[in-house]
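Chain by chain, the residues run as shown.
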Amino acid sequence: MSQERLLQVLLAPQISEKATYIADKYEQVIFRVATDATKPEIKAAVELLFKVEVESVQVANVKGKVKRFKGATGRRKGWKKAYVSLKPGQEINFVEGGNA
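Residues numbered from 1 in each chain as written. Predicted model: local features only at pLDDT ≥ 70, side-chain atom pairs only at ≥ 80, totals over all residues. Heavy atoms only, no water.

**A short note on the overall build of the protein chain**
Cut-off, in case you're wondering: Starting at the N terminus, helices and strands are each numbered in turn, a helix being any DSSP run of H or I of at least four residues and a strand any DSSP run of E of at least two. For every residue, the accessible area obtained with a 1.4 Å probe (protein chains only) is divided by the maximum for its type, and the residue is called buried under 20%, exposed over 50%, and partly exposed between those limits.
Within the protein chain, the regular secondary structure consists of 3 helices and 8 strands. Counting from the amino terminus, the protein chain carries its helices and strands in the arrangement α-β-α-β-α-β-β-β-β-β-β. The principal-axis extents of the C-alpha atoms in the protein chain amount to approximately 50 × 35 × 25 Å. Relative to its full complement of 100 residues, the protein chain shows a buried share of 31%.

In structure tokens form, the structure reads like this:
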């Protein structure tokens, strides 16, 4: 895995009520990732960018919603999200721009 590829794997952190709840309860962080990203790539990218130790990665494909506009139906693009479990004592703080 090249460092160039690892920098393209993570697209954005998913910040929502559910993501905050999961972060507090299970010590997991949710990221929006590239649709062709694999679990080892996601793990390596998080460890490289945030200097933390990753315990495991779970991946979910989110299907795009069907929407209508003036009678015509369309579909939003699907995307992929990753639930990254950090080892005990590890934390990522997005407010301060990196690890805490």
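Back to the text.
**Description of the nonpolar core**
Filter applied, for reference: For this analysis, a nonpolar core means a set of buried residues of the types Ala, Val, Leu, Ile, Met, Phe, Trp, Tyr and Cys, connected via side-chain atoms within 4.5 Å. Contact criterion: two residues are considered in contact whenever any of their non-hydrogen atoms come within 4.5 Å of each other.
Among the nonpolar cores identified, the biggest contains 19 residues, and Leu10, Phe31, Ile42, Val46, Val84 and Ile92 are the most heavily contacted of them. Taken together, the elements giving at least two residues each to this core come down to α1 (3-9), β2 (28-33), α3 (39-50), β3 (54-62) and β6 (79-86). Broken down by element, the residue count for this core peaks at 4 residues, all from α3. In this structure isoleucine 42 touches Val9, Leu10, Val33, Ala37, Val57, Val59, Ala82 and Val84, once residues within four positions along its chain are discounted.

**Notes on the side chain of glutamine 28**
The condition that has to hold: Counted as a polar contact is a pair of N or O atoms within 3.5 Å, where, for protein atoms, one must be capable of donating a hydrogen and the other of accepting one, and residues adjacent in sequence contribute only when both atoms are in side chains.
Residue placement: glutamine 28 occurs in strand β2. Residue classification places glutamine 28 among the buried residues on the basis of a relative accessible area of 11%. Side-chain polar atoms of glutamine 28 contact the side chain of glutamine 58, separated by 3.5 Å. Those residues in contact with glutamine 28, other than ones at most four positions away along the chain, are Ile22, Ala23, Gln58, Tyr83, Val84 and Ser85.

**Regarding the packing of aromatic side chains**
In plain terms, the rule: Between 30 and 60 degrees the pair is tilted, below 30 it is stacked and above 60 it is edge-to-face, where a pair is any two Phe, Tyr or Trp rings, Trp via its six-membered ring, whose centres lie within 6.5 Å. Only when the NZ atom of a Lys or the CZ atom of an Arg is both within 6 Å of the ring centre and within 35 degrees of the ring normal do we say a charge sits over the ring.
Throughout the structure, instances matching the rule amount to 1 aromatic pair. Against the face of tryptophan 79 rests arginine 32, its NZ or CZ located 3.9 Å from the ring centre.

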